[in-house]
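# Examination of the molecular architecture
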Amino acid sequence: MRKLWLSSYGCQMNERDSEEVLGMLTAQGYEMASEPEAADVILLNTCSVRQHAEERAFGKMGELSALKKERPKLILGIIGCMAKLQQDAIFKRLPTVDLVAGPAELYDLPYLLAEIQEQRQSMNGGSVNDRVMAVGRPFRPLHQRPPGDYRTPGVTAFVTIMEGCDKACTYCIVPRTRGQEISRPAQDIIEEIDRLVAAGYREMTLLGQNVNSYGKRFPDGTGYKGPLGRLRLLEEDPETLLDFPQLLRLIQRRTSVPRVRFTTSHPFDATERLFAAMRDCPSVCESLHLPVQSGSDRILRAMRRGYTAHAYLKKIEQLRRDVPDISLSTDIIVGFPGETDQDFDATIRLMRDVGYDNAYVFKYSPRPGTDAAARDDDVPHDVKEHRNQTLLALQQDMLQRKQRSLLGTTTELLIEGPGKRPQQWFGRTRGYLGAIIDHHEPLTGRFIHARITRYAGSTLFGERTDVS
Ligand code: 5AD
Ligand code: SF4
């Protein structure tokens with residue numbers, strides 16, 4: 001039996017991709033190796049969103065290359081975003097790498113690995129020429145997924161609903177790495193959710209680079225494509241012409257999944273229709289990750305985000321009317337080219353105005369080939385670092401305020417597994433806050449109600465008031 005070792009960097013989309021790769025390859029007869037030293041095939045699933053992520057992957061693969069000295073038959077592969085972006089650099093810098101396959105070629109992996117093996121057999125040993133580079137597909141054929149699935153055992157699961165990104169944010173490499181937007185047929189999504197519910201999963205996170213534009217383009221060429229198509233949506237049968245709000249309603253109606261989340265949302269495509277669907281679907285959690293990136297209109301324009309700070313705040317206002325106890329989180333980039341102290345102050349103001357529960361803060365990292373990379377990366381490193389620290393402190397502050405407001409209240413927790421200490425259980429609120437409770441019996445996978453008694457760091461602590 002051939003042994004596979006896979007390591008993953010990057011976002012939740014990449015995590016899910018790694019699960020899919022494990023599933024496809026184990027269905028082909030591969031077995032998971034516990035360590036790279038025991039593997040016949042080593043794959044790194046990589047990320048290109050910041051330079052740091054790429055350097056880590058180059059470093060890791062450099063280390064792993066040493067294994068090939070003792071075992072020349074070992075296959076080394078780099079897959080995912082960096083494979084697409086750095087295809088030539090990888091083969092140049094890492095001569096031991098045999099396979100480079102981008103995100104759109106994920107489903108080709110069983111065939112690509114078989115191809116390498118066949119070439120080696122026919123050449124009786126293998127040479128530098130048996131390297132395979134697969135990076136040319138415009139999008140991932142989401143409807144042609146090879147059989148096999150592997151899931152991290154647990155209570156929560158990711159469900160891919162779309163791939164790729166048609167936006168053109170000037171700092172972002174993702175449209176180049178993941179290709180064009182393509183949506184997964186709704187029936188496939190419903191069937192996967194049904195299977196996961198039957199297997200005991202209780203919370204699904206619907207995944208895509210921009211889930212709000214779900215339905216624009218399906219693999220069979222249908223979809224609403226463009227604003228006129230969106231208008232048609234209002235008239236047509238929602239079962240045949242779908243957008244994301246309708247998908248949420250469909251999941252509510254057709255499946256019995258108790259909790260649904262989704263990520264990532266682009267504010268431009270987060271509409272009143274979405275907020276209304278969130279309001280109307282009891283399974284959809286009161287939680288939204290809505291990356292704003294900056295609070296300065298000047299910077300938002302330079303990022304080509306398609307909204308102003310005012311328009312973003314207006315959307316939040318509408319959302320809060322529909323879903324009053326919504327928990328919000330965001331992504332912020334500090335140190336985008338030309339970001340002044342005034343721009344940064346505008347970001348602080350916006351964050352305070354919104355009152356996020358969580359904010360992921362990133363220092364700007366120029367990505368070759370993006371429009372922003374043509375501009376001078378002129379915010380000094382120490383200024384980026386300082387702004388980063390300022391926002392992290394602000395985020396802590398906002399989280400604590402939220403935690404304090406929950407003291408004494410009773411809230412639903414879905415228990416995800418044991419806590420750190422014996423007889424402790426870790427769960428999350430519908431707003432995605434982590435909480436620990438004590439209980440003498442196993443509670444994993446159960447919904448319980450807990451009264452929040454205290455908090456420490458990012459964790460709430462509570463007492464169980466019932467078990468359902
Ligand atoms: N530099 C820094 N952060 C970036 N992000 C995307 N591209 C870059 C970049 N070039 C951040 C954005 C995005 C998150 C996933 O990563 O905030 O929402
Ligand atoms: Fe990294 Fe973006 Fe690719 Fe995710 S989509 S792996 S964050 S580059």
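The following paragraphs examine the structure supplied in this document.

About the criteria used
- Each chain carries its own residue numbering, running from 1 in the direction its sequence is written.
- Note on labels: chains are lettered from A, ligands numbered from 1, in written order.
- In view of the model being predicted, local features appear only for residues whose pLDDT reaches at least 70, and side-chain atom pairs are presented and counted only at 80 or more, with totals across whole chains, interfaces and linings using the full set of residues.
- Just so you know, side-chain values use all the structure's heavy atoms and leave hydrogens and water out.
- We call two strands paired when DSSP finds no fewer than two bridges between them.
- Helix and strand assignments follow DSSP, with helices taken as H or I runs no shorter than four residues and strands as E runs no shorter than two, numbered in order from the N terminus.
- By definition, the crossover connecting two strands over a helix is right-handed if that path, from the first strand to the second, turns clockwise as seen with the strands pointing away from the viewer.
- Here a salt bridge means any side-chain nitrogen of Lys or Arg lying within 4 Å of a carboxyl oxygen belonging to Asp or Glu.
- In this scheme, a residue with accessible area under 20% of its type's maximum is buried, one over 50% is exposed, and one in between is partly exposed, where area comes from a 1.4 Å probe on protein chains only.
- We call a residue near a given molecule or strand whenever any one of its heavy atoms falls within 4 Å of it.
- By the convention adopted, Pro, Cys, Tyr, Trp, Phe, Met, Ile, Leu, Val and Ala count as nonpolar, Lys, Arg, Asp and Glu as charged, and the other residues, Gly among them, as polar.
- Residues adjacent in sequence count toward polar contacts only when both atoms are side-chain atoms; beyond that, a polar contact is any pair of N or O atoms within 3.5 Å, and within protein one must be able to donate a hydrogen and the other to accept it.
- Axes, fitted as lines to C-alpha atoms, cover a helix only where it is in contact. Angles between the N-to-C directions of the axes lie from 0 to 180 degrees.
- In this analysis, two residues are considered to be in contact whenever any of their non-hydrogen atoms come within 4.5 Å of each other.
- Each residue after the first adds 1.5 Å to the expected span of a helix.
- Side-chain rings of Phe, Tyr and Trp, where Trp is taken by its six-membered ring, are said to pair if the distance between their centres is within 6.5 Å; with planes under 30 degrees apart they count as stacked, over 60 as edge-to-face, and otherwise as tilted.
- For a Lys NZ or an Arg CZ to count as sitting over a ring, it must be within 6 Å of the ring centre and within 35 degrees of the ring normal.
- Directions pointing from the helix axis toward each C-beta atom define the arc.

Before going further, it helps to examine the pairing of strand β14 (residues 358–363). The pairing of strand β13 (residues 327–334) with β14 spans six bridges and is parallel. Bridging from a neighbouring strand, S329 pairs with N358 of β14. As a crossover connection, the stretch from β13 through helix α14 (residues 341–354) into β14 is right-handed.

With that settled, consider the pattern of salt bridges. All chains considered together, the criterion is met by 43 salt bridges. Residue E416 is joined to R428 by a salt bridge in which the shortest nitrogen-to-oxygen separation is 3.5 Å. Residue E416 is located in strand β15 (residues 410–418), and its partner R428 is located in strand β16 (residues 424–428); the two are separated by twelve residues in the primary sequence. For R428, a relative accessible area of 18% gives the class buried.

What follows deals with the site of ligand 2. Every residue lining ligand 2 is accounted for by C11, N14, C47, S48, V49, C81, V174, R178 and Q209. Within the shell around ligand 2, the residues separate by chemical class into five nonpolar, three polar and one charged.

This part takes up the site of ligand 1. As a structural note, the neighbourhood of ligand 1 is formed by V49, R50, Y171, Q293, D331, I333, F362, K363, Y364, S365 and R367. Within the backbone of Y171, one N or O atom sits 3.1 Å away from a nitrogen atom of ligand 1. Secondary structure elements with two or more residues in the shell around ligand 1: β13 and β14. Class assignment of the residues belonging to the shell around ligand 1 gives a composition of five nonpolar, two polar and four charged.

Attention now goes to the sheet that holds strand β10 (residues 203–207). With parallel pairing, three strands are arranged side by side in an open sheet as β7-β10-β11. Of all strands in the sheet, those with a lone pairing partner are β7 (156–160) and β11 (259–263), marking the two edges. Adjacent strand axes in the sheet meet at a mean angle of 25 degrees when their direction is disregarded. Against the sheet, helix α8 (residues 186–198) makes contact with β7 and β10, and its axis sits at roughly 165 degrees relative to β7, the strand it touches most.

With that out of the way, let us pick up helix α1 (residues 12–27). An ideal rise of 1.5 Å per residue puts 22 Å on 16 residues; α1 measures up with 23 Å between its terminal C-alpha atoms. The element α1 is extensively covered by neighbouring structure, given that twelve of its 16 residues are classed as buried. When α1 is considered as a whole, its buried residues turn out to be M13, N14, R16, D17, S18, E19, E20, V21, L22, G23, M24 and L25. Of the residues flanking the end of α1, it is G29, one or two places downstream, whose phi is positive at about 105 degrees.

Taken across its five residues, strand β17 (residues 434–438) has four buried, putting it largely inside the fold. For β16 and β17, the ladder comprises five bridges, and the chain directions are antiparallel. Each bridged residue has a counterpart across the sheet, and for W425 the counterpart in β17 is I437. The loop that links β16 with its antiparallel partner β17 comprises five residues; one of these, Y432, has a positive phi angle of about 75 degrees.

Okay, the packing of aromatic side chains next. One pair of aromatic rings is described through two measures. These are the centre distance and the angle between the planes. Going through the model one piece at a time under the given rule, you end up with four aromatic pairs. Geometrically, the ring pair formed by Y214 and F218 is edge-to-face, given 5.6 Å between the ring centres and 80 degrees between the ring planes. The burial state of Y214 is the same as that of F218; both residues are buried. Against the face of F58 rests R93, its NZ or CZ located 3.7 Å from the ring centre. Positioned above the aromatic ring of Y107, the side-chain terminus of R140 is 5.5 Å from the ring centre.

Looking now at helix α2 (residues 51–65). Relative to the 21 Å expected for 15 residues at 1.5 Å per residue, α2 spans 21 Å between its end C-alpha atoms, a close match to the ideal helical length. For α2, the complete set of buried residues consists of A53, E54, A57, F58, M61, L64 and S65. Taken end-on, α2 shows its buried residues confined to a sector of 135 degrees, consistent with a single buried face. In α2, the exposed residues that point more than 90 degrees away from the buried face are H52 and E63. Packed against the buried residues of α2 are β1 (3–8), β3 (41–46), α3 (67–70), β4 (75–80), α4 (81–85) and α5 (87–93).

Glancing now at the environment of E181. Mapping E181 onto the fold places it in the loop between α7 (174–178) and β9 (182–183). Once the C-alpha coordinates of E181 and A277 are considered, the two residues, 96 residues apart in sequence, prove to be 22 Å apart. Once residues lying within four places of it in the same chain are set aside, the contact partners of E181 are M162, E163, G164, C165, D166, N210, S213, K216 and R217. One polar contact links E181 to S213, side chain to side chain, over a distance of 2.8 Å.

A few words on the sheet that holds strand β6 (residues 132–134). Pairing in this open sheet of six strands is parallel, and the strands run β2-β1-β3-β4-β5-β6 from one edge to the other. Sheet topology places β2 (31–32) and β6 at the edges, where each strand pairs with a single neighbour. Pairing of strand β5 (residues 99–101) with β6, which is carried by three bridges, proceeds in the parallel orientation. Pairing of L99 across the sheet is with V132, part of β6. Relative to β1, α1 is tilted by about 175 degrees, and along the sheet it contacts β1, β2, β3 and β4. Taken strand by strand, α2 contacts β1, β3 and β4, and its axis lies near 170 degrees from that of β3.

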